[in-house]
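Coordinates in review
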Amino acid sequence: MSEATLPRWVAQRTDPGWLARLFDNKAFLIVVCLFPAVSLLLVFLTYPLGLGIYLAFTDATIGRPGIWVGWENFEYLFEDPIFWGAVFYSVFYTAVATVGKFALGLWLALLLNNHLPFKALLRAIVLLPWIVPTVLSALAFWWIYDPQFSILSYIAVDVLGIRETNFDFIGTAWPARWSLIAANIWRGIPFVAISLLAGLQTISPSLYEAALLDGSTAWQRFRYITFPMLLPILAIVMTFSIIFTFTDFQLVYAITRGGPVNSTHLLATLAFQRGIPGGQLAEGAAIAVAMIPFLVFATLFSYFALARRKWQQGEGND
Amino acid sequence: MANIITRRSLLAATAAGMAATAIGDAGAQIQRKEGGSLNLPIESGASLRMLRPVRFVPADEENWRANCARFTQKTGVEVRSDFVGWEDISQQTAVTANTGAGPDLIVGFNEAPHVYSDKLVELTDVAEYIGNRYGGWLALAQRYGKKHGTNDWIGLPFGSTGGPLVWRKSALQEVGYQAPPDDLPGFLDLAKKLKAANKPMGFALGNAVGDGNGFANWIVWSHGGFLVNEDGSVGIDSPETIEALTYLRELYPNFIPGTTAWNDTSNNRAYASQECWVTMNGVSLYFSLKNDPATRAIADDTFHTLLPKGKAASTPNAGLTMNAMVFKHSRYPNAAKALLAFLLESEQYDPWLQANLGYWSQPLEAYTASPVWQSDEKISVFKDTMRSTFWNGYKGPISEASASATNDYVLVQMCAAAASGQATPEAAVREAARRAGRYFRRRG
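Values in this document were obtained by computation on a predicted structure and should not be read as measured data. (Residues numbered from 1 in each chain as written. Chains lettered and ligands numbered in written order. Predicted model: local features only at pLDDT ≥ 70, side-chain atom pairs only at ≥ 80, totals over all residues.)

Focus: the overall build of chain A
Let me state the cut-off plainly: Strands are runs of DSSP state E lasting at least two residues, helices are runs of H or I lasting at least four, and both sets are numbered from the N terminus onward. The quantity called the radius of gyration is restricted to C-alpha atoms. Its globule counterpart is 2.2 Å times the number of residues to the power 0.38.
Helices and strands together make up the secondary structure of chain A, namely 14 helices and zero strands. Along its sequence from the N terminus, chain A presents helices and strands in the succession α-α-α-α-α-α-α-α-α-α-α-α-α-α. The C-alpha radius of gyration of chain A comes to 28 Å, more than 25% above the 20 Å expected for a compact globule of 318 residues. If one aligns the C-alpha atoms of chain A with their principal axes, the spans along those axes are about 110 × 70 × 45 Å.

Side note on the nonpolar core
Stated formally: When buried Ala, Val, Leu, Ile, Met, Phe, Trp, Tyr and Cys residues are joined through C-beta atoms within 7 Å, the set is termed a nonpolar core. Field definition: a residue is buried when 20 or more other C-beta atoms are found within 10 Å of its C-beta, exposed when 12 or fewer are, and partly exposed for counts in between, with C-beta atoms placed from the backbone. Once C-beta atoms are placed from the backbone, any two residues with those atoms within 7 Å are in contact.
Leu48, Leu339 and Cys415 of chain B are the most contacted members of the largest nonpolar core, which has 200 residues in total. It is helix 8 (residues 173-200) of chain A that provides the largest number of residues to this core, a total of 10 residues. Once residues within four sequence positions are removed from consideration, Leu339 of chain B is found in contact with Leu48, Phe71 and Val79 of chain B.

Quick word on the domain arrangement of chain A
Residue and element names in this part refer to chain A. The following threshold applies: Note: domain ranges come from an automatic or database domain assignment. The nonpolar class holds Ala, Val, Leu, Ile, Met, Phe, Trp, Tyr, Cys and Pro. Asp, Glu, Lys and Arg form the charged class, and all remaining residues, Gly among them, are polar.
By domain assignment, chain A separates into domain 1 (15-56) and domain 2 (79-312). The C-alpha-based centres of domain 1 and domain 2 are spaced at 36 Å. The partner domain 2 presents six residues to the four residues of domain 1 that form the contact. Here the side of domain 1 that touches domain 2 is built from residues that sort into three nonpolar, one polar and no charged.

Focus on the sheet that holds strand 7 (residues 302-305) of chain B
Residues and elements named next belong to chain B. Rule in force here: Note: two strands are recorded as paired if DSSP finds a minimum of 2 bridges between them. Whenever a helix is involved, its axis is fitted only over the stretch in contact; in every case the axis is a line through C-alpha atoms, and angles between N-to-C directions fall within 0 to 180 degrees.
Taken in spatial order, the three strands line up as 6-5-7 in an open sheet, and their pairing is antiparallel. Pairing within the sheet leaves two strands with one partner each, and these edge strands are strand 6 (278-280) and strand 7. Across the sheet, the mean angle from the axis of one strand to that of its neighbour is 25 degrees, orientation sign disregarded. Alignment of strand 5 (residues 165-168) against strand 7, held across four bridges, turns out to be antiparallel. Among the inter-strand pairings, Trp167 is bridged to a residue of strand 7, identified as Phe303.

Quick look at the packing of helix 2 (residues 58-75) of chain B against helix 15 (residues 346-355) of chain B
Residues and elements named next belong to chain B. Keep this limit in mind: Working definition: roughly parallel below 35 degrees, roughly antiparallel above 145 degrees, roughly perpendicular at 65 to 115 degrees, and oblique for all remaining angles. Take the far helix as the reference: if the near one is turned anticlockwise from it by less than a right angle, the crossing is left-handed, and if turned clockwise, right-handed.
Interaxial distance between helix 2 and helix 15 falls to 8 Å at its minimum, and their mutual angle equals 170 degrees. Classified by the angle between their axes, helix 2 and helix 15 sit roughly antiparallel to one another. Considering only the axes of helix 2 and helix 15, their crossing is right-handed. Contacts from Ala59, Asp60, Asn63, Trp64, Asn67 and Arg70 of helix 2 reach helix 15 at Gln348, Pro351, Trp352 and Ala355. Taken together, the residues that form the contact of helix 2 with helix 15 break down as five nonpolar, three polar and two charged.

Describing helix 10 (residues 239-251) of chain B
Residue and element names in this part refer to chain B. To keep it simple, the criterion reads: By definition here, a helix of n residues has an expected span of 1.5 Å times n minus one.
Given a rise of 1.5 Å per residue, 13 residues ought to cover 18 Å, and the 18 Å separating the end C-alpha atoms of helix 10 matches this to within 8%. Taken as a whole, helix 10 has its buried residues at Thr241, Ile242, Ala244, Leu245, Tyr247 and Leu248. On its buried face, helix 10 sits against helix 8 (184-196), helix 9 (209-221), helix 17 (410-419) and helix 18 (425-439).

A closer look at the sheet that holds strand 3 (residues 105-109) of chain B
Residues and elements named next belong to chain B. Here five strands make up an open sheet; going across it, the order is 2-1-3-8-4 and the pairing mixed. Each edge of the open sheet carries a strand with a single partner, namely strand 2 (78-84) and strand 4 (156-161). The sheet shows a mean angle of 20 degrees between the axes of neighbouring strands, direction not considered. As paired strands, strand 1 (residues 47-53) and strand 2 are joined by seven bridges and run parallel to one another. Within strand 2, the residue paired with Arg49 across the bridge is Arg80. Where helix 3 (residues 89-99) meets the sheet, it contacts strand 1, strand 2 and strand 3, and its direction lies at approximately 140 degrees from that of strand 3.

Next up, the structure:
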């Protein structure tokens, strides 16, 4: 090969077109890339949230725009026992259901973390309650809790004969409250279990081996290795879980509609009940706005209390 | 009054639809007074859009569309009818009224024309013309049609669906009754005897919009109580209401257990499964039983009677009423009015009424003679639904506040709290007055 025979190739650098130059501009890129996300957030989150907060300070009804009334809605709600009942039950429902979901979910995650036959299949089955649309599982629970046609009553009364009358699941206040919490726990366990299972699998086995060599008991391994290592993910999962539970709507609305006599209203169902069927749009908005402080508090609690570094490290005030 | 579609009611509806098409000739029995005239020059190039609540039975929609097509044939005005879900029609009416755009006319429910009266075309000429031809408007139709305290019509009621007592003859005979008594002590006695015979009655006291409110209204009205005073202020806190709740306290222990958790379908199910022997419902329950071979025997044993009057002069039951209105924003108000008049003429209205099998009851005297009320003697009680002198929000002016109080279960929860012993009658009434006061407050 003689080099002389070949024409010398010269790299030609063409000037980039205006389009290419435009896309090389950092400021332009930032705007273009952020535009879809920001506009989605503005249109579907910021605007409705802002409108909701604005409505809470008016006396709008469905079919009438309303005028600014300041704190009037909140003043009324402050003296409304039904509102305080909903606040109480929302907090109670969230607290009890969250504890239940985490206790059972963690237990389930620990079981699933063992080597079991058909592990993948089992994990898939565990997810089912969470995959089924909430309204469908709510309808199933509605049948289970039905005053006349409950399967549990049928078994207890007609099959086993251990009861004379049907169970009163949702006919009086406290049984109805507990029944709804049970349904919520059933639905929430898989989310907690699968999330914590993912967390469990990130824990290095060498930690357990070292502990075993030191002669630790199973409880000590859980207490000093598993639990602290899980805490960061626990904090995230708990934040989500509290928010989902506190804002739950479908279960309660499908099973009791807040009844009997408003004893199972959550803030979300009460806001809907007053705002849409009751037509008092502003009051419904005010109830919804009243949820914000609780949600902010729950989020802050999860982040700052559970995710503190010293907790994650297990012990000591270093 | 429960209108949730179940497999069974769907079957019933299909069967009913087939039966309806078999019913033949229109309007033969309807007495009409000729004369009078309606001067509505139809605008050139007019076309109309109408909203209506969805049907009970398929034949309803077919008939309605066929009647509108006849109007098009006769006048050249295109009519588009849209059928809207029951829960949505109030909201859609609100949007239409406020934006001043959308359908020319809406057939809404109960109070809708009164809420938006300043956005509506007055319909007095149509109402007087039609009323004159067909023996006059019935009491409930006048109440829902006319602006409060005037003779100006803003709505044209098309029909109403009520909820009488639905009861099992065999159960009543077993405890020595031929029919439910019309007085309150007698009704309580019946309840006790049925309970003792283990064939209890049951009425919804849960958050059931139709059944729960119907029952709560009956309890209060039959004792002479009422939610609203004539001037629109809250009048629930009265000795009559307390008496009503005291009565309910005695009545409630004789119900089938669990009615505080009942929704609109619960009483239908309990009745169909023979656990509940007397309840209150629209005609749908009877048809669903009748059209299912498995429950045919229950239907044969089932009868309807108006709710006990108690201390009221007429039966305390206000039917859910379809109420048509024409919006001022319509470019063709005359065409819209002509269409409503056309639909209420016997050539159109009677076949439609028959197609509905008794689910809707007529607003005009002359249609009492419609063959639909002879088609099955057990449903003939429904023909008087619109003779009721009670309405939603009785005794006040019709307003959105009474609709809100209904949808927020103010009276239902008052009854449930007192019945279940959660509150004394006095406390339950005070709480209801407090809640109603919020809805009925004057706005600046």
